[in-house]
Amino acid sequence: MTNKKKILLSGIQPSGQLCIGNYAGALKNWVNLQEEYDSIFLIVDLHALTVKQIPSELRNRCLSFLAQYIACGINPDKNTIVIQSHVPEHAELAWVLNTITSFGELSRMTQFKDKSKKHSNNINVGLFTYPVLMASDILIYQADMVPVGADQKQHLELARDLAGRFNHNYSDTFPIPEPFIPKSGARIMSLQEPEKKMSKSDENVNNYIALLDAPDVIIKKIKRAVTDSNTDIVYDEKRPGLANLLTLYTILTNTTIDETVGHFKGKMYSQLKSELGEVCVEYLKPMQSEYNRIIQDKVYLNEILKVGAEKARYKARRTLSKVYRKIGLVPLPR
Ligand code: ATP
Ligand code: LTN
């Protein structure tokens, strides 16, 4: 009997600086789930092009993100790590999926609306069709499971709808992918504006803690985090700044909200901030030193990219050929 593992896929855009939000919502869960699944982790550079990038920075960031994935605990020997543009099949399948996606369903995407507001001078068509490329990333590898933060739920719904629609129009081709959204940490909030989510390309660096921030920077950012004018420490969603700091503390200490609230009962906000700062610095320290070691070794990193692209292309090509055949494209005569 074959005991084939299910397929897990996820990705992060190489924009800005990987932050503790990306870690809590995505990376941490990738690390925890990697053994159980046949996993593919993407650096989605084509997605990052939907907002303006500086070419040399984008290039360096892809390698830096790769090293950070590994430093966080992704095992490159057991999983596939790949840069999206190294597998042209993603863009090819996205084209086919574009033809079964309606203008209306993309218009409803909240990320498109948010990013259009934020980048009102660059509302490009790529930003609009972004969720179709994401669906392609998932479906091209026949993924069963997709660990993401809460902000990606709507995009995942689209991927599920498109898989179902294609299967219905032609015949069974894609599994319907399941989202994995963690119970705690699915939506880490901005430190200065806790009513919006933490984002790694926020123009205000005080809004996020980068995984590679120096200890004094981490401590300072947490100290300055916006809370409220109350004094008691309780978990209340209506006090988003405080709730966010408590959530971060539970994630970094691997405890529950109740335990964290119990621990800080009767203490002051300043105490919470200083303990959280220390905990965060200690948590990130081993990852940072691992990163500093790996990033030096370009030969090692390039080898991972070569192997990753080869494994991924093989799988992607198989799906794409099947899709092309089903929709009636003529295979190149041999
Ligand atoms: P950008 O600011 O560059 O648009 P981002 O920080 O929103 O980026 P993405 O590359 O869009 O990050 O997302 C990578 C992963 O991190 C996704 O799974 C996403 O859901 C998750 N994620 C992003 N922000 C948060 C957050 N604040 N809390 C939890 N998870 C998050
Ligand atoms: N849209 C995602 C990044 C992303 C992704 C994916 C996540 C692109 N392709 C495939 C999971 C699976 C975001 O976080 N903005």
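Keep in mind that this is a model prediction, so the values were computed, not measured. (Residues numbered from 1 in each chain as written. Chains lettered and ligands numbered in written order. Predicted model: local features only at pLDDT ≥ 70, side-chain atom pairs only at ≥ 80, totals over all residues. Heavy atoms only, no water.)

Q: Teacher, can you tell me more about the nonpolar core here?
A: Within soluble globular proteins, side chains that are nonpolar tend to cluster in buried spots. Judged by nonpolar contacts, the single largest core of 60 residues is most densely connected at Ile20, Leu27, Leu66, Tyr69 and Leu211. Residues within four places of leucine 66 in sequence aside, it is in contact with Ile43, Ile81, Leu301, Ile304 and Leu305. Of all hydrophobic cores here, the second largest spans 38 residues; its members include Ile100, Leu139, Phe166 and Ala316. (Core = buried A, V, L, I, M, F, W, Y, C linked by side-chain atoms within 4.5 Å. Buried < 20%, exposed > 50% of the residue type's maximum accessible area, 1.4 Å probe, protein only. Contact = heavy atoms within 4.5 Å.)

Q: Could you clarify how one ought to interpret the packing of aromatic side chains in this entry?
A: Geometry of an aromatic ring pair is reported as the spacing of the ring centres plus the angle between the planes. Applying the stated criterion across every chain yields a total of 8 aromatic pairs. An angle of 45 degrees between the planes, with centres 4.8 Å apart, marks the rings of phenylalanine 103 and phenylalanine 128 as tilted. Of this pair, phenylalanine 103 sits in helix α5 (residues 103–107) while phenylalanine 128 is found in helix α7 (residues 125–139), placing the two residues 25 residues apart along the sequence. Assessed through its relative accessible area of 12%, phenylalanine 128 is described here as buried. Each ring, one from phenylalanine 112 and one from phenylalanine 128, has its centre 5.0 Å from the other, and the planes form 75 degrees; the classification is edge-to-face. (Phe/Tyr/Trp six-rings, centres within 6.5 Å; stacked < 30°, edge-to-face > 60°. Helix = DSSP H or I, 4+ residues; strand = E, 2+ residues; numbered from the N terminus.)

Q: Looking at this model, I keep getting lost on the environment of lysine 223. Mind explaining?
A: Among the secondary structure elements, lysine 223 is positioned in helix α9 (residues 215–223). On the basis of relative accessibility, which here comes to 56%, the residue lysine 223 falls in the exposed class. Along the primary structure lysine 223 and glycine 277 are separated by 54 residues, whereas in three dimensions their C-alpha atoms are 7.7 Å apart.

Distances and angles like these do not, on their own, reveal function.
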